[in-house]
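Take a look at the letters that make up each chain.
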Amino acid sequence: MKKIVLLVFLIATSLCAFSQNGGKKDAYRSETGTRAVMSKKSIRNHGYLPYKKNRKSRAYDCSDFGFGRSGYQRETFVTVNMSYSMKPSAAFGVTFGMMRRFGWFVSVMSSPNFKSFGTDGEFDRDNAAETKPFLKGDDYRRDTRLSLMAGILFRVARPVALRVGAGYGIDEMCYEATDGQWFKDKVNCQKGLDTSLGIQCSFGSIVVSADAVATDFNKLEAKIGVGYSF
């Protein structure tokens with residue numbers, strides 16, 4: 001019975017070692033038993049990108065670089081986000097996602113109010129021939145921001161991943177007139193495709209992200225997030 005158990009253990013250990021090496025003989029060369037290092041020849045043969053060079057063995061250490069074949073644990077993350085545009089206006093929201101080497105995320109952003117959804121009219125400030133309403137000024141301005149987005153992540157290094165997202169967004173501005181009615185500013189109102197490009201970094205259980213977001217390929221805003229991974 002002991003021989004059978006020992007045989008099963010040896011087979012399981014061999015399979016684990018084989019899977020970690022990606023099925024390639026001599027794909028990895030052990031230095032101390034705790035790091036996976038590769039020679040320049042192995043890098044050329046197997047298409048790995050080096051992260052840093054080990055001083056003792058003069059081989060490239062790929063254990064911490066995203067393009068290596070070392071496994072990644074599944075990471076689930078939640079962040080609280082804030083965005084800010086040059087209007088200026090701000091919006092708040094949350095992002096949820098999962099990632100190993102590749103991953104996905106969904107994000108929802110919203111402004112504190114939706115006044116532009118119920119205006120009494122609109123005006124075009126760039127149209128000189130149009131009769132403009134008598135507005136009270138910037139102190140009586142309201143911004144509406146709504147963004148629903150989904151995207152993918154790709155880990156380029158163990159703590160760093162690139163983020164690309166797309167979805168639907170609304171970015172509008174309205175003013176109160178002297179008669180109490182609200183009018184939408186057509187020049188500063190966009191709705192349509194929301195796109196984003198950014199990075200996400202993990203520091204232990206802390207997740208930090210930064211994105212540039214464009215609504216209808218026109219209005220830009222910066223978006224940052226801080227959260228937790230588990």
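In this text, all values refer to a predicted model and were calculated from it rather than measured experimentally. (Residues numbered from 1 in each chain as written. Predicted model: local features only at pLDDT ≥ 70, side-chain atom pairs only at ≥ 80, totals over all residues. Heavy atoms only, no water.)

**Q** Please explain the overall build of the chain as it appears in this structure.
**A** A tally of regular secondary structure across the chain gives 2 helices and 14 strands. When each of the 230 residues of the chain is scored for burial, the buried share is 37%. Partitioning the intrachain contacts of the chain with sequence separation of at least 6 by distance along the chain shows that 56% fall at a separation of at least 24. (Helix = DSSP H or I, 4+ residues; strand = E, 2+ residues; numbered from the N terminus. Buried < 20%, exposed > 50% of the residue type's maximum accessible area, 1.4 Å probe, protein only. Contact = heavy atoms within 4.5 Å.)

**Q** How should I be thinking about the environment of Val160 in this particular structure?
**A** Along the chain, Val160 falls in strand β10 (residues 160-176). A residue is classified by how much of its surface remains accessible, and Val160, at 25% relative accessible area, is partly exposed. For the pair Val160 and Val207, spaced 47 residues apart in the sequence, the C-alpha separation amounts to 9.9 Å. Every residue in contact with Val160, bar those within four places of it in the chain, is listed here: Arg155, Gln200 and Cys201.

**Q** Help me out: how do you make sense of the environment of Gly198 in this one?
**A** Residue placement: Gly198 occurs in strand β12 (residues 190-203). Residues Gly198 and Arg163 lie 35 residues apart in sequence; the distance between their C-alpha atoms is 5.0 Å.

**Q** When you look at the pattern of salt bridges in this model, what are you seeing that I'm missing?
**A** A side chain with one charge can pair with a side chain of the opposite charge if their charged atoms come near. A complete count under the given rule lists 10 salt bridges for this structure. Notably, a salt bridge pairs Asp185 with Arg125, separated by 2.6 Å at the nearest N-O pair. Of this pair, Asp185 sits in strand β11 (residues 182-185) while Arg125 sits in the loop between β8 (121-123) and β9 (141-157); the two residues are 60 residues apart in sequence, bridging distant segments of the chain. Residue classification places Asp185 among the buried residues on the basis of a relative accessible area of 0%. For Arg125, a relative accessible area of 42% puts it in the partly exposed group. For Lys184, the salt bridge goes to Glu172, with nearest N and O atoms at 3.6 Å. Of the two residues, Lys184 is situated in strand β11 and Glu172 in strand β10; the sequence distance between them amounts to 12 residues. (Salt bridge = Lys/Arg side-chain N within 4 Å of Asp/Glu carboxyl O.)

**Q** What exactly am I supposed to notice about the packing of aromatic side chains here?
**A** Pairs of aromatic rings are described using the distance from one ring centre to the other and the angle between the two planes. Taken as a whole and judged by the stated rule, the model has 5 aromatic pairs. With a centroid separation of 5.8 Å and an interplanar angle of 65°, the aromatic rings of Phe96 and Trp104 are classed as edge-to-face. Its end group placed over the ring of Tyr140, Lys136 keeps NZ or CZ at 4.9 Å from the ring centre. One Lys or Arg, Arg163, reaches over the ring of Phe105 and ends 4.4 Å from the middle of that ring. (Phe/Tyr/Trp six-rings, centres within 6.5 Å; stacked < 30°, edge-to-face > 60°. Lys NZ or Arg CZ within 6 Å of the ring centre and 35° of its normal.)

**Q** It is not clear to me how unusual backbone geometry should be interpreted in this structure. Could you clarify?
**A** Comment: phi is negative for the bulk of residues other than glycine, and the bulk of peptide bonds are trans. Each neighbour pair has its own omega, and for Lys87 with Pro88 the value is 5°, a cis peptide bond. If you trace the backbone, Pro88 turns up in the loop between β5 (75-85) and β6 (89-99). With a phi angle near 55°, Asp216 is a residue other than glycine that sits in the positive phi range. Turning to its location among the elements, Asp216 is positioned in the loop between β13 (206-215) and β14 (219-229). Classification of Asp216 by relative accessible area gives partly exposed; the value is 38%.

**Q** Would you mind showing me how to read the nonpolar core here?
**A** The tendency in soluble globular proteins is for nonpolar side chains to be buried as a group. Ranked by size, the top nonpolar core spans 6 residues in total: Phe77, Met99, Phe105, Leu153, Ala161 and Val207. Not counting the four nearest positions on each side in its chain, Ala161 is found in contact with Met99, Leu153, Phe154, Arg155, Val156, Gly198, Ile199 and Gln200. Of all hydrophobic cores here, the second largest spans 5 residues; its members include Phe123, Met173, Tyr175 and Ala177. (Core = buried A, V, L, I, M, F, W, Y, C linked by side-chain atoms within 4.5 Å.)

**Q** Where do I start with the state of the cysteines in this structure?
**A** Note on terminology: disulfide describes a covalent bond linking the sulfur atoms of two cysteines. Going through the model one piece at a time under the given rule, you end up with 0 disulfides. Cys174 forms no disulfide, and the closest cysteine sulfur to it belongs to Cys189, at a distance of 7.7 Å. Taking the relative accessible area as the measure of exposure, Cys174 reaches 0% and is therefore buried. On the accessibility criterion, Cys189 (16% relative accessible area) is buried. (Disulfide = S-S within 2.5 Å.)

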